[in-house]
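# A closer look at the structure
Spelled out, the chains give:
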Amino acid sequence: MAAQREWYEKDYYKVLGVPDTATAKEITKAYRTLARGSHPDTHPDDPKAEERFKEVSSAYDVLGDDEKRKEYDEVRRLGPVGGFSPGGPNGAGGHSFNVGADGLGDLLGQMFGRGRRGSGASSASGPQRGADVEARLTLDFVDAANGLTTALYLTTDVQCGTCSGSGAKPGTSPKVCSRCGGRGVVDDNQGFFSLSSPCTACGGRGVIVEQSCPTCYGSGVEKKQREVQARIPAGVADGQRIRLKGRGAAGRNGGPPGDLFVECHVTPHELFGRDGDNLTLRVPVTFAEAALGGVIDVPTLDGTTVALRLKPGTQSGSRHRVRGKGIAKPKATGDLIVTVDVQVPTHLNDAQRAAVEAFAAATTSPRERMYASGSTSRTGSGSEA
Ligand SMILES: [Zn+2]
Ligand SMILES: [Zn+2]
């Protein structure tokens, strides 16, 4: 089943008001509650009810189906916009208290304010943002122009496969921290002010792991080679760094993942060059084509040719714009800039020689007038063409 366009735009989890780590049961429950509250039959006077009902239904259509949900999660993970939602569903559902690394990271993000990079609750046992990862990618000129999705193989911290990132020994679950009640912070009432500080009992995680996972010793991550699908946008330039949010190393103790930076190296093309979003191309033309003008075929990057009209008297080195044949980006497409290169033949056959000699005989030298002005005196001997 193919991903649909609106998957990129709609946050179905948000529509249903569930975290993206929600179990199938939780999703169904949220859907039933919302559907009941917006069913057009029970709200005949509310014109927006039907719209809400539709939205909720299409969200459940995807999230309520294991296969579709998996695909949707993948689409969101690769998507160019929105926050990260790594990890995805753990197929095996079934946990009644599901402490996915992401859900928790998200929760903590809301508590401490977004954008902190491992600061804030940075005690060794607290949630830590995963490391940023650097990768290099060499791209073909055409791939760089068109954009592509490619697999990168990286060895980084990933969510521990034994405990699915919870850090708890399989068969056990992390317990909600009794000091902070799972909030990860404790309120410190000082009369008028109420200050919150990270809970020291659980290190800000909100949960306490009583028996650590034997694979990751409770950190929730392990080092592994993994495949990352990297989407490189159209028009990436040589040396450009692409940031893939949330695709770096997994966070520790429920912290958010780091970012992946891909440094792109673009190999040159035989024919085409780049100038921003414009493609550049030099095309050879004969003296006759330049002098008489006419239509020449010009290759484009997609393999087709376009007709370019040259005026009579086109000069060597002149530039000609073919609109819309440059780098195609979502918002605007560049042009193809053709530079005409008038070629002087190095060898003439008899017919060509005769034609050129006839041309010469009918032509006044362009230097004639220059010399006639007297600024240059003619000395020595020259030879006629
Ligand atoms: Zn583990
Ligand atoms: Zn606590």
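Quick note: structure is the one above.
Owing to the predicted nature of the structure, the values given are computational and were not obtained by experimental measurement. (Residues numbered from 1 in each chain as written. Chains lettered and ligands numbered in written order. Predicted model: local features only at pLDDT ≥ 70, side-chain atom pairs only at ≥ 80, totals over all residues. Heavy atoms only, no water.)

## Topic: the sheet that holds strand β8 (residues 241-244)
Overall, mixed pairing links the 3 strands, which are arranged β1-β9-β8 in an open sheet. Taken across any chain shown, the strands that pair with only one partner, and hence form the sheet edges, are β1 (133-139) and β8. Neighbouring strand axes in the sheet, compared pairwise and without regard to direction, differ in orientation by 25 degrees on average. With 4 bridges connecting them, β8 and strand β9 (residues 260-266) associate as antiparallel partners. Residue pairing across strands places Arg241 opposite Glu263, the latter belonging to β9. (Pairing = 2+ DSSP bridges. Helix = DSSP H or I, 4+ residues; strand = E, 2+ residues; numbered from the N terminus. Axes fitted to C-alpha atoms, helices over the stretch in contact; angles between N-to-C directions.)

## So, helix α4 (residues 47-63)
Helix length check: α4, at 17 residues, gives a terminal C-alpha distance of 26 Å against a target of 24 Å (1.5 Å per residue), a fit within 8%. Within α4 the residues assigned to the buried category are Ala49, Phe53, Val56, Ala59, Val62 and Leu63. (Expected span 1.5 Å × (residues − 1). Buried < 20%, exposed > 50% of the residue type's maximum accessible area, 1.4 Å probe, protein only.)

## Considerations on the coordination of the zinc ion (ligand 1)
The coordination sphere of the zinc ion (ligand 1), as far as protein atoms go, consists of Cys160 (SG), Cys163 (SG), Cys213 (SG) and Cys216 (SG), spread over 2.2 to 2.3 Å. Note that the zinc ion (ligand 1) binds 4 donor atoms; their angles at the metal cover 103 to 114 degrees, and the shape is tetrahedral. Sequence spacing of the donors to the zinc ion (ligand 1): C-x2-C-x49-C-x2-C. Of this pair, Cys163 sits in the loop between β2 (148-159) and β3 (175-176) while Cys213 is found in the loop between β6 (207-208) and β7 (221-232), placing the two residues 50 residues apart along the sequence. Each member of the pair, Cys163 as well as Cys213, carries the same accessibility label: buried. (Donors = N, O, S within 2.8 Å, 3.2 Å for Na, K, Ca; no water. Tetrahedral: all angles 85-135°; square planar, octahedral: opposite > 155°, others 65-115°.)

## Digging into the packing of aromatic side chains
Per the stated rule, a full pass over the model turns up 4 aromatic pairs. Each ring, one from Tyr12 and one from Tyr72, has its centre 4.9 Å from the other, and the planes form 35 degrees; the classification is tilted. Placement of the pair is Tyr12 in helix α2 (residues 12-16) and Tyr72 in helix α5 (residues 66-78), with a sequence separation of 60 residues. Summarising the burial analysis for this pair, Tyr12 and Tyr72 share the class buried. Ring centres 6.1 Å apart and planes at 40 degrees place the aromatic pair Tyr13 and Tyr72 in the tilted group. (Phe/Tyr/Trp six-rings, centres within 6.5 Å; stacked < 30°, edge-to-face > 60°.)

## Describing the coordination of the zinc ion (ligand 2)
Six octahedral donors at a metal ideally form angles of 90 or 180 degrees, and four tetrahedral donors ideally form angles of 109.5 degrees. Bound to the zinc ion (ligand 2) are the protein donor atoms Cys177 (SG), Cys180 (SG), Cys199 (SG) and Cys202 (SG), situated 2.3 Å from the metal. Note that the zinc ion (ligand 2) binds 4 donor atoms; their angles at the metal cover 103 to 114 degrees, and the shape is tetrahedral. The sequence pattern describing where the donors of the zinc ion (ligand 2) fall on their chain is C-x2-C-x18-C-x2-C. Residue Cys180 is located in the loop between β3 and β4 (185-190), and its partner Cys199 is located in the loop between β5 (193-198) and β6; the two are separated by 19 residues in the primary sequence. For the pair Cys180 and Cys199, a shared accessibility class is recorded, and that class is buried.

## Topic: unusual backbone geometry
Backbone geometry at Ser164 places phi at a positive 55 degrees, although glycine is not the residue there. As for its placement among the helices and strands, Ser164 is situated in the loop between β2 and β3. The class for Ser164 is partly exposed, based on a relative accessible area of 25%. Here the phi dihedral of Tyr217 falls at roughly 55 degrees; this positive angle occurs in a residue that is not glycine.

## Concerning the environment of Asp143
One can find Asp143 in helix α7 (residues 141-146). In sequence terms Asp143 and Ile232 are 89 residues apart; their C-alpha atoms lie 8.9 Å from each other.

## A closer look at the pattern of salt bridges
If you walk through the whole model with that rule in mind, you get 15 salt bridges. In this structure, Arg321 engages Asp335 in a salt bridge whose closest nitrogen and oxygen atoms are separated by 2.8 Å. Remark: Asp335 occurs in the loop between β14 (319-322) and β15 (336-343) and Arg321 occurs in strand β14; sequence separation between them is 14 residues. Here the salt bridges do not stand alone but share partners, grouping Arg129, Asp132, Arg243 and Asp259 into one network. (Salt bridge = Lys/Arg side-chain N within 4 Å of Asp/Glu carboxyl O.)

## Considerations on the sheet that holds β15
The sheet built from 4 strands is open, its strands ordered β10-β11-β15-β14 with mixed pairing. Every interior strand has two partners, whereas the edge strands, β10 (273-275) and β14, have only one. Across the sheet, the axes of successive neighbouring strands diverge by a mean angle of 35 degrees, strand direction being ignored.

## Considering the pairing of β1
In β1, alternate side chains face the same way, and those of Val133, Ala135, Leu137 and Leu139 are buried while those of Glu134, Arg136 and Thr138 on the opposite face are not. When β1 meets β9, the two strands line up parallel, connected through 7 bridges. The residue bridging Val133 from the neighbouring strand is Leu260, located in β9.

## Side note on helix α9 (residues 350-361)
The end-to-end C-alpha separation of α9 is 16 Å, in line with the 16 Å expected for 12 residues at 1.5 Å each. Sitting at the head of α9, Asn349 places a side-chain oxygen 3.2 Å from the backbone nitrogen of Ala351. (Polar contact = N/O pair within 3.5 Å; in protein donor to acceptor, adjacent residues only side chain to side chain.)

In short, shape yes, function no, at least from these values alone.
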